[in-house]
Amino acid sequence: DPPELVCLLTDSEEEEDEKVECKCCYMDCPASEMKDCQSGQGHFVCRVCINHYVGEQLDGNGSTLFKCIADPDCQNHYTNEMLDQEGVLDEKLNARRNDRVFRDNLKSSGIEGVWQCPVCAYCGLNDKKFPWVVCPECNKQ
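In short, a report on the structure. It should be emphasised that the depicted structure is a prediction, and the values quoted were computed from it without experimental measurement.

Here we come to helix α2 (residues 47-60). Between its terminal C-alpha atoms α2 stretches 19 Å, which fits the 20 Å expected from 14 residues at 1.5 Å a residue. Every buried residue of α2 is accounted for by Arg47, Cys49, Ile50, Asn51, Tyr53, Val54, Gly55, Gln57 and Leu58. Here the buried face of α2 lies against β3 (34-35), β4 (45-46), α3 (80-83) and α4 (91-107). Two residues or fewer past α2, Gly62 is found with a positive phi of approximately 70°.

Here's what the structure looks like:
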């Protein structure tokens, strides 16, 4: 389970911050803690729900496309730029997401010789001189 995320605002700041209903958990959250899918339709979701969703997508189906969770009919996604903003995702989860996005982009790049270790998921290039590769990360062949 991801670490429990809590509001970063102090009590006095939270009192001044307008409350907005999260379209996923339906909790009233400070507006500064909310993010949307860029649809312009008010699909605001709290960062706790976004963290749970991104973690489930990565661990469940390995997806790096994060569809709007506020409305099942919405075709918009949460952008990498939004997810990379400080405080949106837990630091470890964001590092895992960025790593998965990088590996997916590397695999789909069309570069010859791209391989991925089946044990630790390390990616590298094989210049085809050798029929096998030893992973420099976990030393598995």
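More follows now that the structure is in view.
A separate point is the environment of Ile111. With respect to the element layout, Ile111 can be found in the loop between α4 and β5 (114-116). For Ile111, a relative accessible area of 46% puts it in the partly exposed group. For the pair Ile111 and Leu125, spaced 14 residues apart in sequence, the C-alpha to C-alpha distance is 8.6 Å. In this structure Ile111 touches Leu106 and Leu125, once residues within four positions along its chain are discounted.

Turning to the side chain of Ser39, a few remarks are in order. Within the secondary structure layout, Ser39 lies in the loop between β3 and β4. A polar contact of 3.3 Å, which involves the side chain of Ser39, links it to the side chain of His43. Apart from the residues within four sequence positions on either side, Ser39 is in contact with Cys74 and Asn76.

The next thing to look at is the pattern of salt bridges. Tallying each qualifying case throughout the model produces five salt bridges. In this structure, Arg96 and Asp59 form a salt bridge, with 2.8 Å as the shortest nitrogen-oxygen distance. Here Arg96 is found in helix α4, whereas its partner Asp59 is found in helix α2, with 37 residues between them in sequence. On the basis of relative accessible area, Asp59 is assigned to the exposed category, the value being 55%. Between Arg103 and Asp99 there is a salt bridge; the shortest N-O distance is 3.0 Å. With Arg103 and Asp99 both in helix α4 and four residues apart, the pair spans about one turn of that helix.

Turning to the environment of His77, a few remarks are in order. Here His77 is to be found in the loop between α2 and α3. By relative accessible area, which is 33% here, His77 ends up partly exposed. When the C-alpha positions of His77 and Lys67 are compared, they lie 4.2 Å apart, and in sequence the two are 10 residues distant. Only 3.5 Å separates the side chain of His77 from the backbone oxygen of Gln75, close enough to count as a polar contact.

Rules of the game
Residues numbered from 1 in each chain as written. Predicted model: local features only at pLDDT ≥ 70, side-chain atom pairs only at ≥ 80, totals over all residues. Heavy atoms only, no water. Helix = DSSP H or I, 4+ residues; strand = E, 2+ residues; numbered from the N terminus. Expected span 1.5 Å × (residues − 1). Buried < 20%, exposed > 50% of the residue type's maximum accessible area, 1.4 Å probe, protein only. Contact = heavy atoms within 4.5 Å. Polar contact = N/O pair within 3.5 Å; in protein donor to acceptor, adjacent residues only side chain to side chain. Salt bridge = Lys/Arg side-chain N within 4 Å of Asp/Glu carboxyl O.

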